[in-house]
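# Breakdown of the fold
One letter stands for each residue in the lines below.
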Amino acid sequence: TKTKYDIIFVSVTYDALCCAVGYNIEQEAKKGSKYIPLPYVVKGMDVSFSGILTQVEQLAKTEKTEDLCFSLQETLFAMLVETTERAMAHTGTKEVLIVGGVGCNKRLQEMMTQMVAERGGKVSAMDHRYCIDNGAMIAQAGIFALQFGESTSIEDSWCTQRYRTDQVQAIWRAP
């Protein structure tokens, strides 16, 4: 039989690999109401989730699953909203597009919408069918690059998993 600890651990661990489990965390979080402080690390535009899983694993022995999911979601999304707000300030943009697997989460959309509205902007979220991975985001970046005359042959293509987004040359933006 699975314990509460097993469910949280599997959900949190697996969520990093497969966004579908994020839906389960979202559903449990809707039942939660008690916020349990978790590690919150934001440095500039960088977030660190280090320590959160360890903390959740320990708390799963004594806390309700729904409260842990609620706290996990609130903490992680607050970090994402903070860095997004900072990015908006640095770039002067008023628009945010939420993509990727986590983009399906209604609470993230709600938190992001509130922050962006306070800055006089607009949030758009992809249809959940296109939020399974970052394919839509990558495709849109490719379209922008192509529109601005940029192309890369397959032979010259490469991938860096830990590419810093603040080092991407976005030629479609004004310097």
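As a starting point, this report considers the structure included with it. For clarity, every value in this text was computed on a predicted model and none was experimentally measured.

Calculation criteria
Residues numbered from 1 in each chain as written. Predicted model: local features only at pLDDT ≥ 70, side-chain atom pairs only at ≥ 80, totals over all residues. Heavy atoms only, no water. Core = buried A, V, L, I, M, F, W, Y, C linked by side-chain atoms within 4.5 Å. Buried < 20%, exposed > 50% of the residue type's maximum accessible area, 1.4 Å probe, protein only. Helix = DSSP H or I, 4+ residues; strand = E, 2+ residues; numbered from the N terminus. Expected span 1.5 Å × (residues − 1). Pairing = 2+ DSSP bridges. Right-handed = clockwise from strand over helix to strand, strands pointing away. Contact = heavy atoms within 4.5 Å.

Attention now goes to the nonpolar core. Across soluble globular proteins, nonpolar side chains show a tendency to be buried alongside one another. Leu38, Ile52, Val56, Leu59, Leu68 and Leu72 are the most contacted members of the largest nonpolar core, which totals 14 residues. Counting residues per element, this core draws most heavily on helix 4 (residues 65-91), which supplies 5 residues. Counting residues in each nonpolar core, the second largest holds 10 residues, with Val81, Val96, Leu108 and Met111 among its members.

This next bit is on helix 4. Counting along an α-helix, one turn takes 3.6 residues, and residues three or four places apart therefore face a common direction. Relative to the 39 Å expected for 27 residues at 1.5 Å per residue, helix 4 spans 39 Å between its end C-alpha atoms, a close match to the ideal helical length. Glycine 92 sits one or two positions beyond helix 4 and adopts a positive phi of about 75°.

Moving on: the pairing of strand 3 (residues 95-98). Residues Val96 and Ile98 point to one face of strand 3 and are all buried, whereas Glu95 and Leu97, pointing to the other face, are not buried. Where strand 3 and strand 4 (residues 122-125) come together, 4 bridges link them in parallel fashion. Bridge pairing in strand 4 links valine 96 to valine 123. Handedness of the crossover joining strand 3 and strand 4 through helix 5 (residues 106-118) is recorded here as right-handed.

Here the focus is the side chain of threonine 83. Residue placement: threonine 83 occurs in helix 4. Its relative accessible area of 10% is what places threonine 83 among the buried residues. Filtering out sequence-adjacent residues up to four positions away, threonine 83 remains in contact with Val42, Gly44, Met45 and Val47.

Everything listed here is a matter of coordinates, which is why it stays silent on function.
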